[in-house]
Amino acid sequence: MTTRKPSAHSAATPGYEAVAHQHRTGWARMGRTGLAEKGQSQAGGESGSGQLLDQQNGAGESALVSVYVHLDFSDKTWPHEVSRTLTLPAASASSSPRPLLTGLRLTTGEYMSCFEAQGFKWNLHEVVRVPLKATDVARLPDQLSISRATSPGFQLSCCIPSTNLAYTVTWSPGEGSKASSFNESGSQCFVLAVQHCPMTDTVYTCDLQSPGLAPLRVPISITIIQDGDITCPEDTSVLTWNVTKAGHVAQAPCPESKRGIVRRFCAADGVWGPVHSSCTDARLLALFTRAKLLQAGQGSPAEEVPQILAQLPGQAAEASSPSDLLTLLSTMKYLAKAVAKARIQLDRSALKNLLIATDKVLDMDTRSLWTLAQARKPWAGSTLLLAVETLACSLCPQDHPFTFSLPNVLLQSQLFGPTFPADYSISFPTRPPLQAQIPRHSLAPLVRNGTEISITSLVLQKLDHLLPSNYGQGLGDSLYATPGLVLVISIMAGDQAFSQGEVIMDFGNTDGSPHCVFWDHSLFQGRGGWSKEGCQAQAASGSPTARCLCQHLTAFSVLMSPHTVPEEPALALLTQVGLGASILALLVCLGVYRLVWRVVVRNKVSYFRHATLLNMVLCLLAADTCFLGAPFLPPGPRSPLCLAATFLCHFLYLATFFWMLAQALVLAHQLLFVFHQLPKHRVLPLMVLLGYLCPLGLAGVTLGLYLPQGQYLREGECWLDGKGGALYTFVGPVLAIVGVNGLVLAMAMLKLLRPSLSEGPPAEKRQALLGVIKALLILTPIFGLTWGLGLATLLEEVSVVPHYIFTILNTLQGVFILLFGCLMDKKVQEALRKRFCRAQAPSSTISLSTNEGYILEHSKGGSDTARKTDASE
């Protein structure tokens, strides 16, 4: 028998039984939890290769090595990573049998790879020595504050994963202390018992040394509590927490069979904070390590995935902490990635174990487990959904049909040949009841050359409440109610998954306005969110059933909006028309001021009023123009135009309201301090500071705070996002200003009504009431009080009337300012008549300045009457 020799560039490597050119790449250290961190290097047959491997920066109890074998055949060169059994191309048509490549066999510290071809066998052996890193050493504690009065001594420990390398430890300082060591559950721990506390703060060092490797030094800080220091008292309620100095973190070991550490912070005022535990079940961590390595390419997924899945139900039943839950979800995630990468199929037993574990995870206590886990990883529910989606559609064809039902998990899987029913339909007895249908015309293109099609339908109950409240483009910022379930439909043709296909779903017994959605894992930086792209709701008259039609296959649900934001074309058209009319009116207002400015600002009161009104008109004009053009810009944080439009709208609308506040404050000063005149040279700079610098600062801080977090722009729009809090930097100041302006308006009304209604004749009462009504018409749009109706749009559940009222009043604000703030002003009317008619006609129109004068006259009149009364007495 003859074989092809390796290529001429091959080098002999000591310790190998045959001549082969080999590259070792991707070996990595395994931490305490067994996570692989890949690094790269190459070693040929040179004498320094072993030293290079020893000094590679990695650590732990084992390492991941991938071997590449290059063989030159007559027709081609075949390079491939040896990570599973592979079939290589034959050297020629007559070659038999076909060469095979057998996967790695891993032992502690020693790696073997067996290569068989044409009756020859190569065995590759190498002992790998990889040093530890500081992150592989578990210190308990990693810092400690202690009182010499209550604790004469203390104990320190540093633990490393068990390894074939022999490590010795030297503690410094070590005088007056006793060192020891012990082994437990795959770890080797070195302990230092300090008999007497040091007088001052000290840093102890755990020096780990192994022959031929660089030493590793791990520090542990000791803080001595002095007299007068603020401390947290000893607490033995659950765990034993010793006296701890304020500003430090106390640490305690996890219970037996758990790995991790328990921490508790001592606040600056000497009060204990909440307990934070990272304790995780040791057996669950071992499963997580295996799944992580499978995903990285080590081991045999076909053999090990079913083994790990068989243990998941028991681990899910015993999960008792948020760390257990998160580790369990991560294990499922890595198993799903390994299955998808290796394209293996699961049998019924493995799939049942997965579904049982999923049911137990969904049934876990929300308050004690899920809420705390989501506080650490808000996307935990999305991780579970993606893992179950991937694994559920990996059932072997020979195990179809398959039906499985648990309280929180229902699955039905069917296999169809080239001939299948007219339509695929499925129903689930859930609450609410659920039906799904895939038309035949959507399935027909998948049948090619007799390919069998498997359709898997999976219902996950309670999962929709565990998913993040992330809503994509077109769903707004409302909080939606969900029906309590998620439907997952997948289609496999052979070993290929299809995501396109029409599906019709009926969700029964739903209340509110439905939005048909699916969970898009790509939204919100990969954390997932609800999207309605490709889905639409079909109205079912007289029926509580929500029908959804989607053009793709994934995880579906329906969102019910109790606070419906109407998506009506009439409302959008009304907004555009109103803004256009407002912009036109504001331009007219600027033209009027251009003609009559010198005539109407002859005293300080008129100057302050018209100066604030002019700046208000300028800001509102620019804001309305920017807002009207924003929908035509490309949305997204990568669009400079969209970012600029959002920032300008935010700043300009805020500036409009701050100028409204300035005008209200000027009026309030005139009402309260009737005989005190405001100096122009002092008030005007303050008004500019309030009207422009304050909103500019708010808008700038909002941009700098929320843009780096990805929470500045609303999804698909050039406006502030309401999920992360950016929108509230606009809503909050606006509502506060509207509230202050409302108080000033009420104050003005009281001044107009007193004392005329109580002391004056009927004619004077009618004149006062007329002044109140006209002042309301003038001050309401100028003070922006109509924006207070925005609260009604949030509280109203079904009716669209508040939305129309809010849109009409606020998009036409420029028109109201032109009519009531400018043209109804008596001085403006007289100036216009002089300019165009060359004659002065009497006018009985009461303007804002007339009302202000009327109010001031009442205030002055009241004060004069009081002085006369005092003199007569």
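Residues numbered from 1 in each chain as written. Predicted model: local features only at pLDDT ≥ 70, side-chain atom pairs only at ≥ 80, totals over all residues. Heavy atoms only, no water.

If you check an unreviewed UniProt entry, the protein chain appears there as Adhesion G protein-coupled receptor F3 from Macaca fascicularis. Of the comments in the UniProt record for the protein chain, the one headed Subcellular location (unreviewed entry) reads "Membrane". Taken directly from UniProt, the Sequence similarities (unreviewed entry) text for the protein chain runs: "Belongs to the G-protein coupled receptor 2 family. Adhesion G-protein coupled receptor (ADGR) subfamily." (UniProt positions renumbered as here; feature names shortened; annotations may be inferred.)

### Here we look at the state of the cysteines
Under the counting rule described, the total for this entry stands at seven disulfides. Disulfide pairing places Cys642 opposite Cys718 at an S-S distance of 2.1 Å. Because the torsion about its S-S bond is -130°, the bridge between Cys642 and Cys718 counts as left-handed. On the criterion of sequence distance, the pair formed by Cys642 in helix H12 (residues 640-672) and Cys718 in the loop between helix H13 (680-706) and helix H14 (728-753) is long-range, its members being 76 residues apart. Overall, the relative accessible area of 0% leaves Cys642 in the buried class. By relative accessible area, Cys718 is classed as buried at 9%. (Disulfide = S-S within 2.5 Å. Helix = DSSP H or I, 4+ residues; strand = E, 2+ residues; numbered from the N terminus. Buried < 20%, exposed > 50% of the residue type's maximum accessible area, 1.4 Å probe, protein only.)

### What about unusual backbone geometry?
Going from Leu140 to Pro141, the amide bond is cis rather than trans, its omega being -5°. Residue placement: Pro141 occurs in the loop between strand E11 (138-140) and strand E12 (143-147). Cis geometry is found at the peptide bond from His400 to Pro401, where omega equals -10°. Mapped onto the secondary structure, Pro401 falls in the loop between helix H7 (380-392) and strand E26 (402-405). Positioned with a positive phi, Ser257 is a non-glycine residue whose angle comes to about 70°. Tracing the chain through its elements places Ser257 in the loop between strand E21 (249-253) and strand E22 (258-259).

### Description of the nonpolar core
Of all hydrophobic cores here, the largest spans 62 residues; its most connected members are Val596, Phe608, Tyr653, Tyr712, Leu720, Phe730 and Val828. Element by element, the count of residues in this core is highest for H12, at 17 residues. If we skip the residues at most four places from it in the chain, Val596 touches Val828, Ala831 and Leu832. Counting 60 residues, the second-largest nonpolar core is a separate cluster that includes Leu287, Leu354, Ala373 and Leu466. (Core = buried A, V, L, I, M, F, W, Y, C linked by side-chain atoms within 4.5 Å. Contact = heavy atoms within 4.5 Å.)

### Description of the UniProt feature "transmembrane region" (unreviewed entry) in the protein chain
When the UniProt feature table is mapped onto this chain numbering, "transmembrane region" (unreviewed entry) sits at residues 570-593, 613-633, 653-674, 686-707, 727-750, 771-792 and 804-824. From the first C-alpha to the last, residues 613-633 spans 30 Å; its make-up is 81% helix and 0% strand. Secondary structure over residues 727-750 splits into 96% helix and 0% strand, and the C-alpha atoms at its two ends are 35 Å apart.

### Describing the sheet that holds strand E17 (residues 202-209)
Taking strand neighbours across the sheet as the criterion, the four strands line up as E12-E18-E17-E14 in an open arrangement whose pairing is mixed. Each edge of the open sheet carries a strand with a single partner, namely E12 and strand E14 (168-172). Geometrically, the sheet is characterised by an average inter-axis angle of 20° between neighbouring strands, direction not taken into account. In the sheet, E12 pairs with strand E18 (residues 216-225) via five bridges, with the strands oriented parallel. Pairing of Gln143 across the sheet is with Ser221, part of E18. (Pairing = 2+ DSSP bridges. Axes fitted to C-alpha atoms, helices over the stretch in contact; angles between N-to-C directions.)

### A few points about the pairing of E17
On a regular strand, one side chain projects to one face of the sheet and the next to the other, so that they alternate. With six of eight residues buried, E17 is to be regarded as a mostly interior element. The pairing of E14 with E17 spans five bridges and is antiparallel. Bridge assignment links Ser172 to a residue of E17, and that residue is Thr205. Judged from the seven bridges that link them, E17 and E18 form a sheet pairing that is antiparallel.

### Re the environment of Phe647
Within the secondary structure, Phe647 sits in helix H12. Residues Phe647 and Leu713, spaced 66 residues apart in sequence, show a C-alpha to C-alpha distance of 9.8 Å. When residues no more than four places from it in sequence are discounted, the contact partners of Phe647 are Leu696, Ala699, Gly700, Leu703 and Tyr712.

### Here's the deal with the pattern of salt bridges
The full count for this structure, using the stated rule, is ten salt bridges. When the shortest N-O distance is used, the salt bridge between Asp229 and Lys245 registers 3.7 Å. Of this pair, Asp229 sits in the loop between E18 and strand E19 (231-232) while Lys245 sits in strand E20 (residues 244-245), and the two are 16 residues apart along the sequence. The class for Asp229 is partly exposed, based on a relative accessible area of 28%. With a relative accessible area of 22%, Lys245 lands in the partly exposed category. Through salt bridges with shared partners, one network takes in Asp281, Arg283 and Glu318. (Salt bridge = Lys/Arg side-chain N within 4 Å of Asp/Glu carboxyl O.)

### Some points on the packing of aromatic side chains
Per the stated rule, a full pass over the model turns up 13 aromatic pairs. Ring centres of Trp241 and Trp272 lie 6.2 Å apart, and the angle between their planes is 50°; on these two criteria the pair is classed as tilted. Of this pair, Trp241 sits in the loop between E19 and E20 while Trp272 sits in strand E24 (residues 272-277), and the two are 31 residues apart along the sequence. The same class applies to Trp241 and to Trp272, which are both buried. Between Tyr607 and Phe608 the ring centres are 6.2 Å apart and the planes differ by 65°, which places this aromatic pair in the edge-to-face class. The two residues Tyr607 and Phe608 agree in class, both being buried. A connected cluster of aromatic rings, assembled from ring pairs, spans Phe627, Tyr653, Trp719 and Phe730. The residue whose ring lies beneath Lys333 is Tyr334, and the NZ or CZ to ring-centre distance is 4.8 Å. (Phe/Tyr/Trp six-rings, centres within 6.5 Å; stacked < 30°, edge-to-face > 60°. Lys NZ or Arg CZ within 6 Å of the ring centre and 35° of its normal.)

### A closer look at the sheet that holds strand E16 (residues 187-194)
Spatially, the four strands line up as an open sheet ordered E11-E13-E16-E15, and their pairing is antiparallel. Only two strands of the sheet have a single neighbouring strand rather than two, namely E11 and strand E15 (177-184). Between one strand axis and the next, the sheet turns through 15° on average, direction left out of account. Across eight bridges, the pairing between E15 and E16 is antiparallel. Paired with Ser181 across the strands is Phe190, a residue of E16.

### Observations regarding the environment of Arg148
With respect to the secondary-structure elements, Arg148 resides in the loop between E12 and strand E13 (154-161). For Arg148 and Pro198, which are 50 residues apart along the polypeptide, the C-alpha to C-alpha distance reads 8.2 Å. Within the local environment of Arg148, its side chain forms a polar contact with the backbone oxygen of Cys197, the two atoms lying 2.4 Å apart. Within the local environment of Arg148, its side chain forms a polar contact with the backbone oxygen of Pro198, the two atoms lying 3.3 Å apart. (Polar contact = N/O pair within 3.5 Å; in protein donor to acceptor, adjacent residues only side chain to side chain.)

### Considering the packing of helix H4 (residues 322-342) against helix H6 (residues 366-376)
Relative to each other, H4 and H6 sit at 70°, their axes nearing to 8 Å. As judged from the angle between their axes, H4 and H6 are roughly perpendicular. In this structure, H4 crosses over H6, and the sense of that crossing is right-handed. Residues Pro322, Ser323, Leu325, Leu326 and Leu329 of H4 form the contact with H6, whose own contacting residues are Ser368, Leu369, Trp370, Leu372, Ala373 and Arg376. Partitioned by chemical class, the residues of the contact of H4 with H6 number eight nonpolar, two polar and one charged. (Parallel < 35°, antiparallel > 145°, perpendicular 65-115°, else oblique. Left-handed = near helix turned anticlockwise from the far one by under 90°. Nonpolar A, V, L, I, M, F, W, Y, C, P; charged D, E, K, R; others polar.)

### Considerations on the side chain of Thr205
In this structure, Thr205 sits in strand E17. Discounting residues that sit within four places of it in the chain, Thr205 has contacts with Thr170, Trp171, Ser172, Arg217, Val218 and Pro219.

### Description of the confidence of the model for the protein chain
Interpreting fine coordinate detail is not advised for predicted regions of low pLDDT. For the protein chain, per-residue confidence averages 75 on the pLDDT scale, and 71% of positions sit at 70 or higher. In the model of the protein chain, strand E2 (residues 28-30) stands out as the element of lowest mean pLDDT, 30, in contrast to helix H5 (residues 348-362), which has the highest, 94. When the criterion is pLDDT under 50, residues 1-108 qualifies, and its contacts beyond four places in sequence or with other chains add up to 241 contacts. Considering only residues more than four positions removed or in separate chains, one finds that residues 562-566, a stretch of pLDDT under 50, has 17 contacts. (pLDDT = per-residue confidence, 0-100.)

### Quick look at helix H20 (residues 826-836)
Each turn of an α-helix holds 3.6 residues, which means side chains three or four residues apart point in the same direction. Taken as a whole, H20 has its buried residues at Val828, Gln829, Ala831 and Leu832. Taken down its axis, H20 places every buried residue within 165° of arc, on the same side. (Arc of directions from axis to C-beta.)

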